[in-house]
Amino acid sequence: MLIRVEGRQPLNGTYRPSGNANAALALIAAALLTDQPVTLHNVPKTASTHAAISAASAMSVSVTWTDEATLTIKADQLTRRVLTHEDTDVSLGTMLLVAPLLVRRQVARLELDFPLNRIRPHLEALRDLGLDVVNSSDAVEIKAATWEKRDIILTQASVTATAIIMLLAARLGKETVIYNAACEPHVQELAHMLTAMGARVDGIGSNLLRIFGVPELSGTECTVGADHIEAASIAAMAALTGGRVQIDGIRGRDMRAIAKIYWRLGIQLDIDESTIFVPRHEKLNVSNREEDVDSSIETAPWPGFPSDLVAVATVIATQARGTSLIHEKLFANRLLFVDKLKAMGAQIVLCDPHRAIVVGPTPLRSVYMDTPDVRAGLGLLAAALAADGISNIDNANVIEHTFAGVIGKLQALNAKITVE
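Residue positions within a chain follow its written sequence, with the count starting from 1. Per-residue local features are limited, in this predicted model, to residues with pLDDT of at least 70; the limit for side-chain atom pairs, both in listing and counting, is 80 or more; totals at the level of whole chains, interfaces and linings are taken over all residues. By convention in this description, side-chain values take in all heavy atoms of the structure and omit both hydrogens and water.

Caption draft 1: Local environment of the packing of helix α10 (residues 310-318) against helix α12 (residues 374-386). What counts as an axis is a line fitted to C-alpha atoms, over the stretch in contact for a helix, and the angles between N-to-C directions run from 0 to 180 degrees. Numbering of helices and strands runs from the N terminus; a helix is a DSSP stretch of H or I covering at least four residues, while a strand is a stretch of E covering at least two. Between α10 and α12, the least distance of the axes is 7 Å, while the angle of their chain directions is 25°. As far as their axial angle goes, α12 and α10 are roughly parallel. Crossing geometry of α10 relative to α12 is assigned as right-handed. Along the contact surface, α10 presents A311, V312 and V315, while α12 presents R375, A376, L378, G379, A382 and A383. Of the residues that constitute the contact of α10 with α12, the class distribution is seven nonpolar, one polar and one charged. Working definition: roughly parallel below 35 degrees, roughly antiparallel above 145 degrees, roughly perpendicular at 65 to 115 degrees, and oblique for all remaining angles. For any pair of crossing helices, the crossing counts as left-handed if the nearer helix is rotated counterclockwise from the farther one by less than a right angle, and right-handed if it is rotated clockwise. The criterion used for residue contact is that any of the two residues' heavy atoms lie within 4.5 Å. Residues are grouped as follows: nonpolar covers Ala, Val, Leu, Ile, Met, Phe, Trp, Tyr, Cys and Pro; charged covers Asp, Glu, Lys and Arg; every other residue, Gly included, is treated as polar.

Caption draft 2: Representation of the packing of aromatic side chains. Centres within 6.5 Å make a pair out of two Phe, Tyr or Trp rings, where for Trp the six-membered ring is used; the pair is then stacked when the planes are under 30 degrees apart, edge-to-face when over 60, and tilted otherwise. Inspection of the entire model under this criterion finds zero aromatic pairs. Sitting over the face of the ring of F331, R334 holds its NZ or CZ atom 4.0 Å from the ring centroid. Each ring is checked for a lysine NZ or an arginine CZ that lies within 6 Å of its centre and within 35 degrees of its normal; such an atom marks a charge sitting over the ring.

Caption draft 3: A look at the layout of surface pockets. With a 1 Å grid spanning the protein atoms alone, the term cavity applies to any set of points in which a 1.4 Å probe fits but cannot get out, the term pocket to an open set with protein on both sides within 12 Å along at least five of seven lines, and the term lining residue to any residue with an atom within 4 Å of a point. Grid points are joined across faces, edges and corners, and a volume is the space filled by probe spheres set on the points. Here the second largest pocket is characterised by a volume of approximately 360 Å³. Looking at the second largest pocket, it is lined by 19 residues, and the ones nearest its centre are R8, L240, E282, K283 and Q319. Of all the secondary-structure elements, those providing two or more residues to the lining of the second largest pocket are α8 (228-240) and β18 (284-285). For the lining of the second largest pocket, the per-class residue count stands at seven nonpolar, seven polar and five charged.

Caption draft 4: How the structure looks around empty space enclosed by the protein. By the definition in use, this model includes one cavity of 30 Å³ or more. By volume, the largest cavity is sized at about 40 Å³. Sorting elements by how many residues they give to the lining of the largest cavity places helix α7 (residues 185-196) first, with three residues. Grouping the amino acids of the lining of the largest cavity by side-chain chemistry returns seven nonpolar, three polar and no charged.

Caption draft 5: Quick peek at the pairing of strand β10 (residues 147-153). Here β10 pairs with strand β11 (residues 173-179) via six bridges, running parallel. Note that in β11 the partner of D151 across the bridge is V177. Crossovers are marked right-handed if the path from the first strand over the helix to the second runs clockwise, as seen with the strands pointing away from the viewer. Where the polypeptide runs from β10 across helix α6 (residues 159-172) and back to β11, its parallel neighbour, the crossover connection is right-handed. Strand pairing requires that DSSP identify at least two bridges connecting the strands.

Caption draft 6: Seen up close, the state of the cysteines. Sulfur atoms of two cysteines make up a disulfide when they are within 2.5 Å. This structure, assessed with the given rule, holds zero disulfides. Between C183, a cysteine without a disulfide, and C222, which holds the nearest cysteine sulfur, the sulfur-to-sulfur distance is 20 Å. Take C183: its relative accessible area is 6%, and that puts it in the buried class. On the basis of relative accessibility, which here comes to 17%, the residue C222 falls in the buried class. When a residue's accessible area, from a 1.4 Å probe over protein chains only, is under 20% of the maximum for its type it is buried; when over 50% it is exposed; and in between it is partly exposed.

Caption draft 7: Main features of the sheet that holds strand β15 (residues 244-248). What the four strands build is an open sheet, ordered β2-β15-β17-β16; its pairing is mixed. The two strands at the open ends of the sheet, each matched to only one other strand, are β2 (12-15) and β16 (270-271). As paired elements, β2 and β15 share four bridges and run parallel to each other. Looking at the pairing, G13 lines up with V245 of β15.

Caption draft 8: View of the packing of helix α4 (residues 98-105) against α6. It is at 8 Å that the axes of α4 and α6 come closest, and there the two elements cross at 20°. By the angle between their axes, α4 is roughly parallel relative to α6. In the crossing of α4 with α6, the sense of the turn from one axis to the other is right-handed. Residues A99, L102, V103 and R104 of α4 form the contact with α6, whose own contacting residues are I164, L167, L168, R171 and L172. Its residues assigned to classes, the contact of α4 with α6 comprises seven nonpolar, no polar and two charged.

Set out below in structure tokens:
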């Protein structure tokens, strides 16, 4: 999909983010732990959720859309034990379905078309639980186990690894303690759903989780929360274009660290329990407090500043008066997209794969861009909206891989975006 974006058009109006696709993936997996019906509201229709639903359907699970965003799931049985290349190709998050396969079928086979090191923390955690994990050149065979009490520590605060262990612990273990657990909003949603289904999860929102499992889980009904990354990205786009936007349906607590970093880059957000108001910004200035002569933006595990917003933060820095150091501490190569911003006229020095120095403000000019991945996609879209002229973004379909309908919703805010 190619989109043409006319820049310098102020965004105005009210915006409602879609449900968090990562949360939806985890809740779909949780629904397969029981043979009782589970109803999920506010499920986003993204490529990643579609992949998980397709994989569940292939296991003979009944999956029904009862309205545009409500999904009812009833897993009387799981007739497959395999996750194929096609199941995980769209999103590695589909790997969460390994957990219900192990709980309901005792054996799972994960076919691979990617390097094993991508899922090293996940496999280590499964072995630490006492599961039998055997690797081959193109697959991983896993056999289930039960346990009275297990304490495990994750080598990385991985969202997917944390969620898989929580799903398994809710049915296979009596007591499971996870140290260095991820605690992102979507992990918290999974914990609340498992609690509603009959398990007990202590420490929700912290990096120390204690799960008390039960032999059987009941059905439940819950709502997928708004995507905080989408909400924060739209807030940035509104400020960059000089618009005025209200973003409804968010959870204020999810925006606290994000709002602090945006403030350093000159963006003021008015946030209450469920709403963000972005006032009109005439200009952006990097914080001029004495301790902030140069602004340092560092990503960190939740509740720190999310790595998924590093591209958006870099674009903001190009339009803020002052010098900013963007430090991506969690993942290598996520800053390589800055070459596209430099082609638009940004003053950026890429120090190494983890750090970039940005000097602003610099006018951005329209260019042709090929979106590299979903994480950089919203950042490049923000740059195109802030640039002079008409930018062409190719492969823009990856933007809606995780963020459902975001282009249409931006058009409703007066964004001049044409889809081809």
